[in-house]
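# Structure at a glance
Here's the letter readout for the chains.
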There are 2 protein chains.
Amino acid sequence: MSKSSLELTPVETVACCSPLTKEPLSGEQAERIAPLLKALADPVRLRLLSLVASHSDSEACVCDLNDAFDLSQPTISHHLKVLHEVGLLDRAKRGVWVYYSVRREALADLGALIGGVAS
Amino acid sequence: MSKSSLELTPVETVACCSPLTKEPLSGEQAERIAPLLKALADPVRLRLLSLVASHSDSEACVCDLNDAFDLSQPTISHHLKVLHEVGLLDRAKRGVWVYYSVRREALADLGALIGGVAS
DNA sequence: TCCTGACATAGACGAGCATCGATATTGACG
DNA sequence: CGTCAATATCGATGCTCGTCTATGTCAGGA
């Protein structure tokens, strides 16, 4: 169930919109952006994202991430899947291990959309 | 500003944190930021915010906002309350009308936190 | 080949949330 | 005072979401 070429991840549609404060969002635009923010709007996922992002080589093994929380392994797996599905995290399997990395331009676009900075 | 955190709105605690990608968020920081994003993570609230923000004098009357959606008046009122409670919207009552305005520095801080731009 | 360890999926349960209709509150005005 | 109009609050309802346990999948080593 990798990404289909027909469907853009939510994150890929964000760059199309001017900042929130520039002009009113259309209903359709809002419907596309909300899932992205919804993916971010959870304390566990926020920490996961920032943990991955601040890892030395911008890549983190799931095994490390599991240990950082007091939650079950399936729960962490679920959160990582959510972040991956909206396009905020990339996923790479090497042997038995899976590594996630942050799509920084996606975060930058989203930040610009909210903060009003030109991208 | 340290953490004797009394009753700051969520938005007022965001400026304390370095960008997501700089260093791992603490559990406590994540718990404070998540409600803010949760407030934004709804298509109706996104449109409300951008409607208010792009109004000519950065202020919008509830009566105008109601008409922009196909939702009941209590629902719009509820969404505005959510945005106000987290500190993204300011509220001013003049006569019978209520005007909401965007706290731009709040949005800017949040954008910087996500996008990684220094604030 | 079988076992073990890393990670994902499935299904269930409880809490939270978006929405509604009904009702309360508040201010203006006759 | 009484009424109307703008907005908020309340209580109910159905759906979404975060978490769990149990189980599946897949790669590597003895």
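Residues numbered from 1 in each chain as written. Chains lettered and ligands numbered in written order. Predicted model: local features only at pLDDT ≥ 70, side-chain atom pairs only at ≥ 80, totals over all residues. Heavy atoms only, no water.

### Some points on the interface of chain B and chain A
Going by this rule: In what follows, residue pairs with any heavy atoms lying within 4.5 Å of each other are defined as contacts. Criterion for a salt bridge: a side-chain nitrogen of Lys or Arg within 4 Å of a carboxyl oxygen of Asp or Glu. For the purposes of these results, a polar contact is taken to be a pair of N or O atoms within 3.5 Å, where, inside protein, one atom must be able to donate a hydrogen and its partner to accept one; residues adjacent in sequence count only when each atom of the pair is a side-chain atom. Numbering of helices and strands starts at the N terminus; helices are DSSP runs of H or I of at least 4 residues and strands are runs of E of at least 2. Side-chain classes follow a simple rule in which Ala, Val, Leu, Ile, Met, Phe, Trp, Tyr, Cys and Pro form the nonpolar group, Asp, Glu, Lys and Arg form the charged group, and the remainder, Gly included, forms the polar group.
With 32 residues of chain B at the interface, the matching set in chain A holds 32 residues. If you look at where chain B meets chain A, you find zero salt bridges. At the surface where chain B touches chain A, the tally comes to two residue pairs in polar contact (both at pLDDT 80 or more). Only helix 1 (27-40), helix 2 (43-53) and helix 5 (104-115) of chain B provide two or more residues apiece to the side of chain B that touches chain A. Considering each element in turn, the side of chain B that touches chain A owes the most residues, eight residues, to helix 1 of chain B. Its residues assigned to classes, the side of chain B that touches chain A comprises 18 nonpolar, seven polar and seven charged.

### Notes on the protein's contact with DNA strand D
Going by this rule: Distances are taken per atom, and a residue is near a molecule or strand as soon as one of its heavy atoms is within 4 Å of it.
Close contacts around DNA strand D come from 24 residues, with Arg 45, Thr 75 and His 79 of chain A together with Gln 73 and Ser 77 of chain B the closest. Near the protein, meaning within 4 Å, the atoms of DNA strand D are sugar or phosphate in a fraction of 74%, with bases accounting for the rest. Measuring from a phosphate oxygen of DNA strand D, one finds a side-chain N or O atom of Ser 77 of chain B at 2.8 Å. Contact distances for DNA strand D include 3.2 Å between a phosphate oxygen and a side-chain N or O atom of Arg 91 of chain B. For the surface near DNA strand D, the secondary-structure elements that each account for two or more residues are helix 3 (43-53) and helix 5 (73-85) of chain A together with helix 3 (62-67), helix 4 (73-85) and strand 3 (97-102) of chain B. A class-by-class count of the residues in the surface near DNA strand D yields twelve nonpolar, seven polar and five charged.

### Focus on helix 4 of chain B
All names here are of chain B. Put simply, the test is: One fewer than the residue count of a helix, multiplied by 1.5 Å, yields its expected span.
A rise of 1.5 Å per residue sets the reference length of helix 4, with its 13 residues, at 18 Å; its end C-alpha atoms lie 18 Å apart and thus fit the reference within 8%. Each element contacted by the buried residues of helix 4 is listed here: helix 1, helix 2, helix 3, strand 2 (89-94) and strand 3. One or two steps after helix 4, the chain reaches Gly 87, where phi turns positive at roughly 95 degrees.

Honestly, that's just the spatial picture; any functional story needs more than this.
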